[in-house]
Amino acid sequence: MQDINVISHSMLVDRDEQGNAFTTSLVIADGTGNEHRAVLQLVKNNIKDFEEFGRVAFEMQPFKTAGGVQERKVALLNREQATLIMTYMRNNDVVRGFKKRLVRAFSEMEKRLSAPALSGPELVARALIEAQNMLEEKDHQIKELAPKALFADAVAASEGSMLIREFAKELCQNGYETGERRLYEWFRNNGYLISANSSDRNRPTQYSVERGWFEVTEHVVQAAGRDPFVSPVTRITGKGRQYFMKKLLGGDLVA
C-alpha cells in the first residue's frame, strides 16, 4: 500500500499502488470520536477475524508533538475490514453517522477505480465537469456553514468555562437539539468523560484534560441536616466549546 503520509483525514478512503480502496485506523478513530490507540488495539486483539478478509497492513506514520516528531503505527483496512471494525464498536449516533459516510466513500472510490480510462477530449471534459461540481459543492458548504463558523469563532474568543447544562442550552439555541442528560451520556460514551460508576464519574478523562476541553471546579454544598461537603463540578472550557461545536458542525450531532 502507498505511504500513509499522503492520506488526508478529510479523505475517508484512498487507493493503494495496486488500485485497491482502503481506509486507516486513524481515519476511523477520528470519525468515531475514539482514541487511535484504542482502535488500533481493537484490530490487534481481533487480528484473526480481520485477516479472514485479507492481510492487515501496518505502517509507521510520523506526527508532531511538543517534544518533536515521533512515529505511530497505523493499520490499513479494506472495505470488509473497515466494516468489521465498526461492528465491534458501541453503536451511537456518531458511529452510525460515520459508518454511512465511510460506506459512501468506499462506493465512490470503487466506482472511480472501475471506470474505464479516458483519454484526449473525454478526459478534459470529465475533469472540467468534476472541477465545476467541486466548486459548486464548496460554495454551498461555505454558504451553509458561514453563520455557524462565526459562532464557533465567537466561542473561541470566550475565555470562560460553563456548565454542561449551559452548553446543552447553547447548542439548542443554535439549532442542535439535545439536553444535559443526553450530552453527558454522549461525552461518556465517546471517552471524553469518565463513565465508571465511581466518585470520578462525569469527571474529564486524561485525554480530555490534556487537550484543555474541560476543567473541574469545587464548591461547598450545604444541605439541610448535613455537614457541608465539597462537590466537584465538570465544566467545559472555551476551547472545549469550540472543539465540540466544530464536531457538531461536521455532522457528529448528539441525537
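Conventions adopted
- Counting starts from 1 at the beginning of each chain's written sequence and moves along it residue by residue.
- Where local features are concerned, this predicted model is filtered to residues with pLDDT of at least 70; where side-chain atom pairs are given and counted, the filter is 80 or more; whole-chain, interface and lining totals use all residues.
- As a rule here, side-chain values cover all heavy atoms of the structure and leave hydrogens and water aside.
- Only runs of H or I of at least four residues qualify as helices and only runs of E of at least two qualify as strands under DSSP, and these elements are numbered from the N terminus.
- In protein, a polar contact means a hydrogen-donor-capable atom and an acceptor-capable atom, both N or O and within 3.5 Å, with residues adjacent in sequence counting only if both atoms are side-chain atoms; elsewhere, any N or O pair within 3.5 Å suffices.
- For this analysis, residues touch if any pair of their heavy atoms sits within 4.5 Å.
- Working definition: with a 1.4 Å probe on protein chains only, accessible area under 20% of the residue-type maximum means buried, over 50% means exposed, and in between means partly exposed.
- Only strands that DSSP links by at least two bridges are regarded as paired with each other.
- For salt bridges, the criterion is a side-chain nitrogen of Lys or Arg within 4 Å of an Asp or Glu carboxyl oxygen.
- Helix axes are fitted only over the stretch in contact, all axes being lines through C-alpha atoms; the angle between N-to-C directions runs from 0 to 180 degrees.
- pLDDT runs from 0 to 100 and stands for how confident the predictor is about each residue.
- Note on aromatic contacts: the rings of Phe and Tyr and the six-membered ring of Trp form a pair at centre separations within 6.5 Å, being stacked when their planes are under 30 degrees apart, edge-to-face when over 60 apart, and tilted otherwise.
- Whether a charge sits over a ring comes down to the Lys NZ or Arg CZ being within 6 Å of the ring centre and within 35 degrees of the ring normal.

S.K.: Mind showing me how you'd approach the side chain of Asn 92 here?
M.R.: Examined against the element boundaries, Asn 92 turns out to sit in the loop between α4 (79-87) and α5 (93-114). A polar contact of 2.8 Å, which involves the side chain of Asn 92, links it to the backbone nitrogen of Val 95. In this view, Asn 92 contacts Asn 189 and Asn 190; residues no more than four positions away in its chain are not counted.

S.K.: Can you walk me through unusual backbone geometry in this structure?
M.R.: The phi angle of most residues is negative, glycine excepted, and most peptide bonds adopt the trans form. Not every positive phi belongs to a glycine, and Asn 202 is a case in point at roughly 75°. In this fold, Asn 202 is placed in the loop between α8 (180-189) and α9 (206-210).

S.K.: What should I look at first to understand the pairing of strand β2 (residues 21-24) in this one?
M.R.: If a strand is regular, its side chains alternate between the two faces of the sheet. Side chains Ala 21 and Thr 23 project from β2 onto one buried face, and the interleaved Phe 22 and Thr 24 project onto a second face that is buried too. As paired elements, strand β1 (residues 14-15) and β2 share 2 bridges and run antiparallel to each other. Residue pairing across strands places Asp 14 opposite Phe 22, the latter belonging to β2. Following β1, the chain reverses through 5 residues before pairing antiparallel with β2; Gly 19 in that reversal takes a positive phi of roughly 85°. Sheet topology note: the β2/strand β4 (residues 68-77) ladder contains 2 bridges and is antiparallel. The partner of Thr 23 across the bridge, within β4, is Leu 77.

S.K.: For this particular structure, what's the right way to read the pattern of salt bridges?
M.R.: Oppositely charged side chains can form a pair if their charged atoms are brought close together. Scanning the entire structure with this criterion turns up 7 salt bridges. Residue Arg 203 is joined to Asp 200 by a salt bridge in which the shortest nitrogen-to-oxygen separation is 3.6 Å. Between Arg 211 and Glu 210 there is a salt bridge; the shortest N-O distance is 3.7 Å. Given the relative accessible area of 29%, Arg 211 is considered partly exposed.

S.K.: For this particular structure, what's the right way to read the sheet that holds strand β3 (residues 57-65)?
M.R.: Two strands in a sheet stick together by hydrogen bonds in their backbones, pointing the same way (parallel) or opposite ways (antiparallel). A sheet is described by the order of its strands in space; here 4 strands give the open sequence β1-β2-β4-β3, paired in antiparallel fashion. The open sheet has two edge strands with one neighbour each: β1 and β3. Sheet strands touched by helix α1 (residues 25-32): β2, β3 and β4. Its angle to β2, the strand with the most contacts, is close to 60°. Seen against the sheet, α4 touches β2 and β4 and runs at an angle of roughly 100° to β4.

S.K.: Please clarify how the pairing of β4 should be interpreted in this entry.
M.R.: Two elements, β3 and β4, share 9 bridges in a ladder whose sense is antiparallel. Each bridged residue has a counterpart across the sheet, and for Pro 62 the counterpart in β4 is Glu 71. Hairpin connection between β3 and β4: a loop of 2 residues separates the two successive antiparallel strands.

S.K.: Can you walk me through α1 in this structure?
M.R.: The periodicity of an α-helix, 3.6 residues per turn, causes residues three or four places apart in sequence to face the same way. Counting buried positions over the 8 residues of α1 gives 7, a clear majority of the element. One or two positions beyond α1, positive phi appears at Gly 33, with a value near 75°.

S.K.: I'm lost on the confidence of the model for the chain in this one. Help?
M.R.: Taken as a whole, the chain shows an average pLDDT of 78; of its residues, 73% reach a score of 70 or greater. Taking the mean pLDDT of every element in the chain, the minimum, 60, falls on helix α6 (residues 120-157) and the maximum, 95, on helix α3 (residues 47-50). Long-range and interchain partners of residues 154-158, a stretch whose pLDDT sits below 50, account for 6 contacts in this model, where long-range means more than four residues apart. Here residues 251-255 is a poorly scored stretch, pLDDT under 50, and it has 17 contacts once near neighbours within four places are set aside; other chains count.

S.K.: Please clarify how the packing of aromatic side chains should be interpreted in this entry.
M.R.: The geometry of an aromatic ring pair is captured by the separation of the ring centres together with the interplanar angle, meaning the angle of the planes. Per the stated rule, a full pass over the model turns up 14 aromatic pairs. Measuring from ring centre to ring centre gives 5.2 Å for Phe 187 and Phe 214, while their planes differ by 85°; the resulting arrangement is edge-to-face. Of this pair, Phe 187 sits in helix α8 while Phe 214 sits in strand β6 (residues 214-221), placing them 27 residues apart in sequence. Like Phe 214, Phe 187 is buried. Grouping aromatic residues by their ring pairs yields a cluster made of Trp 186, Phe 187, Tyr 192, Tyr 207, Trp 213, Phe 214, Tyr 243 and Phe 244. Its end group placed over the ring of Phe 58, Lys 73 keeps NZ or CZ at 5.5 Å from the ring centre.

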